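Each chain is listed here by its residues.
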Amino acid sequence: MREERPGEHERVNDLSESVSDAVFRRLRQDIILGNLPPGSKIKLEKARERYSISISSLREILCRLSAENLVLAEGQRGFEVSPVSRQELTELADLRIVLECHAIGLSFATGDLEWEGSIVAAHHRLAAVERRLLAGDIARTIDWVRCDWEFHRAIVAASKSTTLLQNLSSVFDRFLRYHMLAGSFRGNAVVDDHKLLFERALARDADGARQIITSHVQKGVEHILKEPGFLLNI
């Protein structure tokens, strides 16, 4: 049976989505989740069979992923999954803080009652998954990946800046790849951060929310760098 992935609600059989876009999302998720490890070669024929798509379309998808620095194009030698490094991790952390903190200011200034409701719902789902993870149900990790982004996205959704949110989404996912390679949930500390961020959002406390995000991301970096799962990949 095929493993369920984040974003599974966006299925290939959605007629509003092309096969190429669906494969792009699947391949991207496989990289972020570590199913395709850093530095691994992407053999076109094998990938064509795995994702059921033509070689020409696959090349286009890999070039799109290269633009996000998730794949390296090696000319005649083909493609490989981008390696990871301490330097990239810290750079992604800094960029995420800048983008998310800016989006928070915009979102808190314009968010309405519907926006508040979406935050409440997103935090409720995230907290439920986190309780199961704390209880030892590691099978819920993939659910947590999806719910974590949905919560952070809900908080900044009222910023109304498509470009800002697209860039934040890309950086968030690339930062998440490092968490997945580290291979462990940060426990009560991250749960507490999310609860505080939830409270600051509903209170429209932008400065307080920015402080939490900055600390949240920095502590995430510290956690990743201590984990042997990450060290094996650099």
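Bear in mind that the values here come from a model prediction, so they are computed numbers and not experimental data.

For the rest of this paragraph, the subject is the layout of surface pockets. For the second largest pocket, the calculated volume is near 370 Å³. As for the second largest pocket, its lining consists of 20 residues, and the residues nearest its centre are Trp144, His179, Met180, Ser184 and Phe185. Elements represented by at least two residues in the lining of the second largest pocket include exactly helix H6 (141-156), helix H7 (162-182) and helix H9 (206-226). In terms of residues, the lining of the second largest pocket owes the most to one element, H7, which gives five residues. A breakdown of the residues in the lining of the second largest pocket according to their chemical character gives 10 nonpolar, seven polar and three charged.

At a closest axis distance of 12 Å, the pairing of H6 and H7 adopts a crossing angle of 150°. As summarised for this structure, H6 and H7 are arranged roughly antiparallel, according to the angle between their axes. Crossing of H6 over H7 shows right-handed handedness. Residue-level inspection shows Thr141, Val145, Asp148, Trp149, His152 and Val156 of H6 in contact with H7, the latter providing Leu165, Leu168, Ser169, Phe172, Leu176 and Met180.

It is worth spelling out the environment of valine 129 at this point. Here valine 129 is to be found in helix H5 (residues 113-134). For the pair valine 129 and valine 145, spaced 16 residues apart in sequence, the C-alpha to C-alpha distance is 9.7 Å. Filtering out sequence-adjacent residues up to four positions away, valine 129 remains in contact with Arg140, Asp143, Trp144 and Cys147.

Cut-offs applied
- Residues numbered from 1 in each chain as written.
- Predicted model: local features only at pLDDT ≥ 70, side-chain atom pairs only at ≥ 80, totals over all residues.
- Heavy atoms only, no water.
- 1 Å grid on protein atoms, 1.4 Å probe; cavity = no way out; pocket = protein on both sides within 12 Å on 5 of 7 lines; lining within 4 Å.
- Points joined across faces, edges and corners; volume = space filled by probe spheres on them.
- Helix = DSSP H or I, 4+ residues; strand = E, 2+ residues; numbered from the N terminus.
- Nonpolar A, V, L, I, M, F, W, Y, C, P; charged D, E, K, R; others polar.
- Axes fitted to C-alpha atoms, helices over the stretch in contact; angles between N-to-C directions.
- Parallel < 35°, antiparallel > 145°, perpendicular 65-115°, else oblique.
- Left-handed = near helix turned anticlockwise from the far one by under 90°.
- Contact = heavy atoms within 4.5 Å.

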